[in-house]
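# Overview (structure and organization)
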Amino acid sequence: MAEHLRRLLPFVLIPLGVVLAFNFYAADVLQTPFGPLVHLEDDNMITLRVAQVMHETGRPYFNPGEPVAANTSLFWPILMSPLFGLLPPEVVPGVLFMLSCVMSVLSATLAASLVRPAVAQVLVFAAVLLSPGFIKYGGSGWEHIPQTLVVTFGFWLILRNSARTSWRDAAGFLAVSLGFAFRLDAAVLVAGVWGLFVLRHGRAHPVRVGAISLFALLLPALYLVLMLRYYGDVVPNTFYLKESGPGEIGQGLRYLATPRLAGLGPVLVAAAALLWLRKPGAKGADLAVSLVLLAYVAAMSLSGGDIFSAGRFFLVVLPVATALVVRAMEGAALQGAVAAAILAGGIATGGAPNWRGPIDTRTAESGPANKMASHVALTQLIADRLSPQDGSIGLHRLGMGYHLPDFHIVDFLGKAEPHIARTAPQRGPKGHNKWDYDHAFATYDIAAAPFPMSEADLLQYEDLPPHNWMYLWIFGRKLLTDPEYVLLSPEALGGSQTDWGLFVRTDLAARMKQ
């Protein structure tokens, strides 16, 4: 009877997890003067605009006709593009939020089923689902979410393969290989699992292993073909944007040593590897998978880390690492206690502060802390009062371009602008430390550009201290001295938002005023 109930447990956890995710995962329902809108993380709003352009033109570009890879993942916007044939654009982010929550719940369920005691399963499920990384990104729609699901499923197949059959290991290897379709950094995991596959079955089944290995190469081959076809390059524009030279390793080590940024993933991976290395008679698959995860953590750290908090880069290994730590314990009681400790640690170190449930509703009237709603409201004013023929819209938050689908967008920080992406890095975090305003205004006919009013008052001071977001001061000072542009305050623009002003060409100022 107990075994029967344990088998039924996932069917209870999945709907429960979906309810939890819908209520606690980070998504913003922005109440704007034009109605409610769901807005996800800025980078994923960039990917969604690429997906919409893909649907409309057959090319995964941010601006139609401009062959620039503004997003890291090649295949994710291509896979999402059919949504725009089924749903209105204003609905797609909300649907993607729900799909992302479901994928996160499935990843947590797979991880939970890797341990046997029912109590430990429930606690592993909760520890993954309510970890800082999943609370912050589990509903984001970012490519990390489907990548985490296919990678977790692949490792689940391998770790559940007690008979060590070659076909089950092959299926696990191919599932992990699908992670490459969402992000190139999965190549480290794919290489590690391929090595395990060859060691386990290469001698007994050389032809089968060789054939499956060649089949797995089809995906990277397709990636190279499509990248060259669409962009004439084998790496996205974001590669050049975030390249910062010899300081990468130091940045990565600082990232790894900062729990707020790296999250629980590296700690759990290191603990799993140490526990299985020291465990007498350790199962080969558990130890091998732990070492593969450890290699991935090392590779991500040496590549410079990330600017986002809660371990975004390590989300893909978090479910399996959690299960491996618990599996290394002897006895149901100890497994449950360790899983409970991981759950408590996750909530204490960042899970709870990120909870927004029920879904956070931000309004344009709710003050400086909720500038996102104000920014969206401003984009809607721009779309209502200007036309694409007036010129491009310049943005520092490129994801806001999703709400301006008919306009050409100039990316001041380089994600969608190849020249800026290849300039030397300046002060600021990766992805926000390159700009060239002289190039931007000489190359594009820019009609308008939003500007945060919290920074406007500081422009009068000549000797401002260096700051990570100082590009806003450089930008603001440039346009304040340019007679072709005028800064309109929120009051001049009208509407309810009070956080964002707008630099607009003088010939368009009258149309933008209330």
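The shown structure was predicted, so the numbers you read here are calculated from the model rather than taken from an experiment.

## Notes on unusual backbone geometry
- Despite not being glycine, R164 shows a phi value in the positive range, around 55°.
- Within the fold, R164 resides in the loop between α8 (144-159) and α9 (166-177).
- Given the relative accessible area of 48%, R164 is considered partly exposed.
- You will see that A310, though not glycine, has its phi angle at about 65°, which is positive.
- Inspection of the secondary structure puts A310 in the loop between α17 (284-302) and α18 (318-327).
- Using a relative accessible area of 9% as the deciding quantity, one classes A310 as buried.

## Structural notes on the nonpolar core
- Residues L48, F155, L189 and L293 are the most contacted members of the largest nonpolar core, which totals 110 residues.
- Apart from residues lying up to four places away in sequence, L48 is in contact with L40, M80, F84, V92, P93, L96 and Y402.
- Formed by 28 residues, the second largest nonpolar core is a distinct cluster that contains A70, I382, A416 and L502.

## Here we look at the sheet that holds strand β4 (residues 392-395)
- As summarised here, the arrangement of the five strands in space is β5-β4-β6-β8-β7, forming an open sheet in which the pairing is mixed. The strands lining the two open edges of the sheet, one partner per strand, are β5 (409-411) and β7 (485-488). Between one strand axis and the next, the sheet turns by 25° as a mean value, whatever way the strands run.
- Where β4 meets β5, three bridges bridge the pair, whose relative direction is parallel. Following the sheet pairing, I393 is matched in β5 by I409.
- On the sheet, helix α24 (residues 471-480) packs against β6 (446-452), β7 and β8 (500-505) and is oriented at approximately 130° with respect to β6.

## Notes on the side chain of R385
- Mapped onto the fold, R385 is located in helix α20 (residues 371-385).
- Although R385 is buried, it forms no salt bridge, and the closest oppositely charged side chain is D384 at an N-O distance of 4.6 Å.
- Within the structure, R385 has its side chain in polar contact with the backbone oxygen of L493 (distance 2.6 Å).

## Let's talk about the packing of aromatic side chains
- Per the stated rule, a full pass over the model turns up 22 aromatic pairs.
- Measuring from centroid to centroid gives 5.7 Å for W76 and F182, while their planes differ by 70°, and the two rings are edge-to-face. Residue W76 is located in helix α3 (residues 75-80), and its partner F182 is located in the loop between α9 and α10 (187-201); the two are separated by 106 residues in the primary sequence.
- Taking the relative accessible area as the measure of exposure, W76 reaches 8% and is therefore buried.
- What makes F182 buried here is its relative accessible area of 10%.
- Taken together, F412, Y437, F441, F451, F475, Y485 and F503 form an aromatic cluster joined through their ring pairs.
- It is R49 that lies over the ring of F62; its NZ or CZ is 4.5 Å from the centre.
- Above the plane of the ring of Y240 lies R422, whose end atom (NZ or CZ) is 3.9 Å from the centre.

## Concerning the packing of α17 against α18
- For the pair α17 and α18, interaxial distance at closest approach is 11 Å and the crossing angle is 140°. With respect to α18, the axis of α17 lies oblique. In this structure, α17 crosses over α18, and the sense of that crossing is left-handed. Within the contact between the two elements, α17 uses D286, V289, S290 and L293 and α18 uses V320, A321, L324 and R327.
- Among the residues making up the contact of α17 with α18, the classes are represented as five nonpolar, one polar and two charged.

## Structural notes on the pairing of β4
- Neither face of β4 is open: one carries S392 and G394, the other I393 and L395, and all of them are buried.
- Across two bridges, the pairing between β4 and β6 is parallel. When the sheet's bridge partners are listed, S392 is paired in β6 with I446.

## Describing α24
- Listed as buried for α24 are Y471, L472, W473, F475, G476 and L479.
- Buried residues belonging to α24 abut α22 (437-443), β6, α23 (453-456), β7 and β8.

## Here we look at the environment of L110
- Relative to the helices and strands, L110 is located in helix α5 (residues 92-112).
- For L110 and G138, which are 28 residues apart along the polypeptide, the C-alpha to C-alpha distance reads 15 Å.
- Aside from chain neighbours lying at most four places away, what touches L110 is L149, T152, F153 and W156.

## Thoughts on the packing of α8 against α9
- Packing of α8 against α9 brings their axes to within 7 Å, and their N-to-C directions diverge by 165°. Regarding the angle of α8 to α9, the classification is roughly antiparallel. The interaxial crossing formed by α8 with α9 has left-handed handedness. Each of V150, V151, F153, G154, F155, W156, L157 and I158 in α8 lies in contact with α9, whose residues at this interface are R168, D169, A171, G172, F173, A175 and V176.
- Of the residues belonging to the contact of α8 with α9, the class tally is eleven nonpolar, two polar and two charged.

About the cut-offs
- Residues numbered from 1 in each chain as written.
- Predicted model: local features only at pLDDT ≥ 70, side-chain atom pairs only at ≥ 80, totals over all residues.
- Heavy atoms only, no water.
- Helix = DSSP H or I, 4+ residues; strand = E, 2+ residues; numbered from the N terminus.
- Buried < 20%, exposed > 50% of the residue type's maximum accessible area, 1.4 Å probe, protein only.
- Core = buried A, V, L, I, M, F, W, Y, C linked by side-chain atoms within 4.5 Å.
- Contact = heavy atoms within 4.5 Å.
- Pairing = 2+ DSSP bridges.
- Axes fitted to C-alpha atoms, helices over the stretch in contact; angles between N-to-C directions.
- Lys, Arg positive; Asp, Glu negative; His and termini not counted.
- Salt bridge = Lys/Arg side-chain N within 4 Å of Asp/Glu carboxyl O.
- Polar contact = N/O pair within 3.5 Å; in protein donor to acceptor, adjacent residues only side chain to side chain.
- Phe/Tyr/Trp six-rings, centres within 6.5 Å; stacked < 30°, edge-to-face > 60°.
- Lys NZ or Arg CZ within 6 Å of the ring centre and 35° of its normal.
- Parallel < 35°, antiparallel > 145°, perpendicular 65-115°, else oblique.
- Left-handed = near helix turned anticlockwise from the far one by under 90°.
- Nonpolar A, V, L, I, M, F, W, Y, C, P; charged D, E, K, R; others polar.

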